[in-house]
Amino acid sequence: MREIQITGKEEGQRLDKMLAKYLNKAPKSFVYKMLRKKNIKLNGKKASGNEKLQKGDQVFVYLAEETIEKFRQEVKVEKQKIPLSVLYEDQNVLFINKPYGVLSQRAKPSDISINEQIAPYAVEKGWISKEDLQMIKPSICNRLDRNTTGIIIAGISLHGLQTMAEILKDRSLDKYYYCIVKGTVKTRERVCGYLIKDHRSNKVTIRKQKIENASAIETSYEPMATGNGFTMLKVKLVTGKTHQIRAHLANQGHPLLGDPKYGDKKINEWAKKRFSLKGQLLHCGQLHFPKKMKGCKNLEDRTIKAPLPKQFEEIATQLFGRESWEAGM
């Protein structure tokens, strides 16, 4: 028999979700069968699995040690393989400034991404223990394309993960991106459309009229600086779909400078020769949190900012002059 004491880091999750992490090699059917047979109890009483756990709760697992070992694989902390540029951190969340060329999440097992660095960093900093990792999986809450830079949100505790997931889902978190686009944009715009993704090519198309399997999208943007046939934009991502900013702006006649998928080939070739630019200039530079939140109260009405990458900064300065674009940051 094993007794599991629920701490503040695990409270708020359903009992069956916690058991799926603890008995991580067991099929769901086995877990529910053990609950029905009272081989797993909550606070000494029969449980169904949908109970929300509270700090101080006790989960009793009345199984032979060899059975527990059979259905349980200990979660080990990987070594941190890439450094993290941390913008803000506490016991619940972590905000990281992702550099160019780094994956947010693994595409295949051999990949190295930001996501695998969260747990070892949090353990090293003392925000979470190795024992906590058996029932909590710190991870990123949003994703950026490999060649998009800027703020990655990560949850450390279950409380942090749930709060970030909620404000991302209800769109109460304001997300702002900076980019340089072809053409001159003189006024603030708010555009809507429909996005269709081709999974085979990993490319999207934008339509103005609704069609089957298309997702409604909305993008707001305003000019920060103009010059030399380009504009630096501050973009508010109202919805958050794959390649939304890149494809939506290209559809508006303002493709991103350096964008290999949706950009202008001639301009990209010029930028490659002039600036050695290899990918799109797109940076998630600012998050603004709602004034009232159910969790993570210390983030209420707070703004997190990530400075522009060096190359982005240098190109913007050459195209517009530093004072011009810096005033809008």
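Residues numbered from 1 in each chain as written. Predicted model: local features only at pLDDT ≥ 70, side-chain atom pairs only at ≥ 80, totals over all residues. Heavy atoms only, no water.

**Digging into unusual backbone geometry**
Phase 1: With a phi angle near 55°, asparagine 43 is a residue other than glycine that sits in the positive phi range.
Phase 2: Position of asparagine 43 among the secondary structure elements: in the loop between strand S2 (40–42) and strand S3 (45–46). (Helix = DSSP H or I, 4+ residues; strand = E, 2+ residues; numbered from the N terminus.)

**Remarks on the packing of helix H7 (residues 265–275) against helix H8 (residues 310–320)**
Phase 1: Across the interface, H7 lies against H8 with an axial gap of 12 Å and an inter-helix angle of 105°. The angle between H7 and H8 falls in the class roughly perpendicular. Across the interface between the two elements, Trp270, Arg274 and Phe275 of H7 pack against Gln311, Ile315, Gln318 and Leu319 of H8.
Phase 2: Its residues placed into classes, the contact of H7 with H8 shows four nonpolar, two polar and one charged. (Axes fitted to C-alpha atoms, helices over the stretch in contact; angles between N-to-C directions. Parallel < 35°, antiparallel > 145°, perpendicular 65-115°, else oblique. Contact = heavy atoms within 4.5 Å. Nonpolar A, V, L, I, M, F, W, Y, C, P; charged D, E, K, R; others polar.)

**With respect to the environment of tyrosine 194**
Phase 1: With respect to the helices and strands, the residue tyrosine 194 is situated in strand S10 (residues 189–198).
Phase 2: For tyrosine 194, a relative accessible area of 22% puts it in the partly exposed group.
Phase 3: Sequence spacing of tyrosine 194 and glutamate 212 is 18 residues, and the spatial spacing of their C-alpha atoms is 9.8 Å. (Buried < 20%, exposed > 50% of the residue type's maximum accessible area, 1.4 Å probe, protein only.)

**Quick word on the sheet that holds S3**
Phase 1: Pairing in this open sheet of four strands is antiparallel, and the strands run S1-S4-S2-S3 from one edge to the other. Only two strands of the sheet have a single partner each, and these edge strands are strand S1 (2–5) and S3.
Phase 2: Summarising the sheet, S2 and strand S4 (residues 58–61) pair through three bridges and their orientation is antiparallel. Looking across to S4, one finds that lysine 41 is bridged to phenylalanine 60.
Phase 3: Sheet strands in contact with helix H1 (residues 15–22) are S1, S2 and S4, and its direction is about 55° off that of S4. (Pairing = 2+ DSSP bridges.)

**A short note on the environment of serine 157**
Phase 1: Looking at where serine 157 falls in the secondary structure, it is placed in the loop between strand S8 (149–155) and helix H5 (158–169).
Phase 2: Expressed as a C-alpha distance, the spacing of serine 157 and aspartate 132, which sit 25 residues apart in the sequence, is 9.1 Å.
Phase 3: Residue contacts for serine 157: discarding those within four places in its chain leaves Gln91, Asn92 and Ile136.
Phase 4: Polar side-chain contacts of serine 157 include one of 2.5 Å to the side chain of asparagine 92. (Polar contact = N/O pair within 3.5 Å; in protein donor to acceptor, adjacent residues only side chain to side chain.)

**Focus: the pairing of strand S6 (residues 93–98)**
Phase 1: With respect to burial, S6 is a largely interior element, six of its six residues being buried.
Phase 2: Side chains of S6 alternate between two faces, with Val93, Phe95 and Asn97 and Leu94, Ile96 and Lys98 buried alike.
Phase 3: Counted along the chain from strand S5 (residues 86–89) to the antiparallel partner S6, the turn is three residues long.
Phase 4: Pairing between S6 and S8: six bridges, direction antiparallel. Residue pairing for S8: leucine 94 is matched across the bridge by alanine 154.

**Here's the deal with H1**
Phase 1: Listed in full, the buried residues belonging to H1 are Leu15, Asp16, Met18, Leu19 and Tyr22. The buried residues of H1 occupy an angular sector of 160° when the element is viewed end-on, so they sit on one face. (Arc of directions from axis to C-beta.)

**Here's the deal with the nonpolar core**
Phase 1: Membership of the largest hydrophobic core comes to 47 residues, with the highest contact counts inside it found for Phe95, Met164, Leu249, Leu287, Phe289 and Leu299.
Phase 2: Looking at this core, the elements with two or more residues in it are S6, helix H4 (118–125), S8, H5, strand S9 (174–182), strand S13 (230–237), helix H6 (244–251) and strand S14 (282–288).
Phase 3: By residue number, the principal contributor to this core is H4, which donates five residues.
Phase 4: In contact with leucine 249, not counting residues within four places along its chain, are Cys179, Val181, Tyr221, Leu233, Val235, His254, Pro255 and Leu256.
Phase 5: In terms of nonpolar packing, the next biggest core, distinct from the first, is built from 22 residues, Ile4, Tyr22, Ala26 and Ile68 among them. (Core = buried A, V, L, I, M, F, W, Y, C linked by side-chain atoms within 4.5 Å.)

**Some remarks on the pattern of salt bridges**
Phase 1: This structure, assessed with the given rule, holds 17 salt bridges.
Phase 2: The salt bridge involving glutamate 69 is made with arginine 2; its shortest N-O contact spans 2.7 Å. Remark: arginine 2 occurs in strand S1 and glutamate 69 occurs in helix H3 (residues 65–70); sequence separation between them is 67 residues.
Phase 3: A relative accessible area of 45% places glutamate 69 in the partly exposed class.
Phase 4: One connected set of salt bridges, linked through shared partners, spans Arg2, Glu65 and Glu69. (Salt bridge = Lys/Arg side-chain N within 4 Å of Asp/Glu carboxyl O.)

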